[in-house]
Amino acid sequence: MSTKRSEGLEGKRIIGIIRHYLPRETAGYLPAFYATYYIFEYAEEHQLYSKNEVLHTFETDTVVVKRQITFDQVNKVLGTDMELLTFLNPQYKLKIIPVIKDRDYTLTLPKFVTGSFVSNEAQIYAYAEEEDAKREKPLPKYFEANDRIRYRVRSGDYLGKIANRYGVSVSSIKRWNGLKSNNLRVGQRLTIYPRRPVASVNTSPSTQKVSSKKAAPKGEYSTYVVQKGDSLWLISQKYPKVSVAQLKEWNNIWSSKSLKPGTKLKIY
């Protein structure tokens, strides 16, 4: 066995021994760091090679959002890419752009898409309103955090997770609460001065009812062949009194990935 490999195995054994004695946050970082180190050290043996990526550059622009919308709703109308929206707007962790009084929230888009957003802004908001009205479980509602909040530690919490949620640093939380270590206990109360709005989710039992699947209607129907660039919302606009929800039910479509050019949809 090579010297490098034996050293690696010994290091792994040591981490396994001490991991249970480390703070939760550190215990998570060490294996991840060691795994990354191992990949770099033995990449050639496992035939792992870097990929030459071609970087495509483009100009971006921002638009001020006038109602709460999700990345998915923007994507459905404009045909943008979810991964691109997430990359350009990392500040929206829940992929939701909130609207709060006296605050401007912007969406960053490639410049060649910004014009489409402005031209279709009314349709985007109308589609968002229609989709929100059909949700059994409402989207998280954003509200401005007070100057100070009291946070109750839950199972699975650690300082880094809490700090990221409120846009503050771990050192700040420790300073505000006089903490000497990163250790937390379930039920512990922390004083936090948030730097970002907080999302509140309604988790009452009434919002968690599961709807029964509706059977497709019987009778005559027309057939629509999906074209490139189509979305369920755009197709619904071509037929009076037909909603996106009805298209999903009639054709057993529950994911936008199922909507491909050439797919035949039943329209009742």
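Presented here is a report on the structure given in the accompanying data block. Please read all numbers here as calculations on a predicted model, not as lab measurements. (Residues numbered from 1 in each chain as written. Predicted model: local features only at pLDDT ≥ 70, side-chain atom pairs only at ≥ 80, totals over all residues. Heavy atoms only, no water.)

Overview of the overall build of the protein
At step 1: Scanning the protein for helices and strands turns up 10 helices and 10 strands.
At step 2: Put simply, the protein has 268 residues, and 32% of those count as buried.
At step 3: Sequence-distant contacts, at least 24 apart, represent 70% of the contacts inside the protein between residues at least 6 apart.
At step 4: Of the roughly 18,300 Å² of accessible surface on the protein, 52% is carried by carbon and sulfur atoms. (Helix = DSSP H or I, 4+ residues; strand = E, 2+ residues; numbered from the N terminus. Buried < 20%, exposed > 50% of the residue type's maximum accessible area, 1.4 Å probe, protein only. Contact = heavy atoms within 4.5 Å. Areas by Shrake-Rupley, 256 points an atom, 1.4 Å probe, with all protein chains shown as cover.)

Regarding the side chain of Ser243
At step 1: Within the fold, Ser243 resides in the loop between helix H9 (232-236) and helix H10 (244-251).
At step 2: Beyond its immediate stretch of four places on either side in the chain, Ser243 contacts Glu130 and Ser236.

Side note on the pairing of strand S10 (residues 264-267)
At step 1: Of the two faces of S10, the one lined by Leu265 and Ile267 is fully buried and the one lined by Lys264 and Lys266 carries no buried residue.
At step 2: Inspection of the sheet shows strand S9 (residues 222-225) paired to S10 by 4 bridges, in the antiparallel sense. Looking at the pairing, Ser222 lines up with Ile267 of S10. (Pairing = 2+ DSSP bridges.)

Remarks on the environment of Leu88
At step 1: With respect to the helices and strands, Leu88 occurs in helix H4 (residues 82-88).
At step 2: Residue classification places Leu88 among the buried positions, given a relative accessible area of 16%.
At step 3: Distance in space between the C-alpha atoms of Leu88 and Leu107 is 8.4 Å, their sequence separation being 19 residues.
At step 4: What Leu88 contacts, discounting residues up to four positions off in sequence, is Phe58, Thr60, Thr108, Leu109 and Pro110.

Considering a positive patch on the surface
At step 1: Together, Arg148, Arg150, Arg152, Arg154, Arg165 and Arg189 give the surface a local cluster of positive charge.
At step 2: Checked against the element boundaries, Arg152 lands in strand S6 (residues 149-152). (Patch = residues over 30% accessible without salt bridge, like charges linked within 9 Å, V, L, I, M, F, W, Y side chains within 5 Å. Salt bridge = Lys/Arg side-chain N within 4 Å of Asp/Glu carboxyl O. Lys, Arg positive; Asp, Glu negative; His and termini not counted. Charge placed at Lys NZ, Arg CZ, Asp CG, Glu CD.)

A look at the packing of aromatic side chains
At step 1: As enumerated under the stated definition, the model contains 7 aromatic pairs in all.
At step 2: Between the aromatic rings of Trp176 and Tyr193, the centroid separation amounts to 5.1 Å while the plane-to-plane angle is 70°, which identifies the pairing as edge-to-face. Here Tyr193 lies in the loop between strand S7 (189-192) and strand S8 (198-200) and Trp176 lies in helix H8 (residues 170-177), a separation of 17 residues in the sequence.
At step 3: The exposure class assigned to Trp176 is partly exposed, which follows from its relative accessible area of 22%.
At step 4: Relative to Tyr268, the ring of Tyr221 has its centre 5.4 Å away and its plane inclined at 50°; by these criteria the two rings are tilted. A residue pair is termed long-range when its members are at least 10 positions apart, and Tyr221 in the loop between S8 and S9 and Tyr268 in the segment after S10 qualify at 47 residues.
At step 5: Through a chain of ring-to-ring contacts, three or more aromatic side chains come together here, namely Tyr221, Trp250 and Tyr268. (Phe/Tyr/Trp six-rings, centres within 6.5 Å; stacked < 30°, edge-to-face > 60°.)

A closer look at helix H5 (residues 111-119)
At step 1: Residues of H5 that are buried: Val113, Thr114 and Phe117. Buried positions in H5, seen along its axis, are confined to an arc of 115° and lie on one side of it. Opposite its buried face, H5 presents the exposed residues Phe112 and Ser119, each directed more than 90 degrees away.
At step 2: Contact partners of the buried residues in H5: strand S1 (60-64), strand S2 (69-70), helix H3 (71-78), strand S4 (106-110) and helix H6 (121-134). (Arc of directions from axis to C-beta.)

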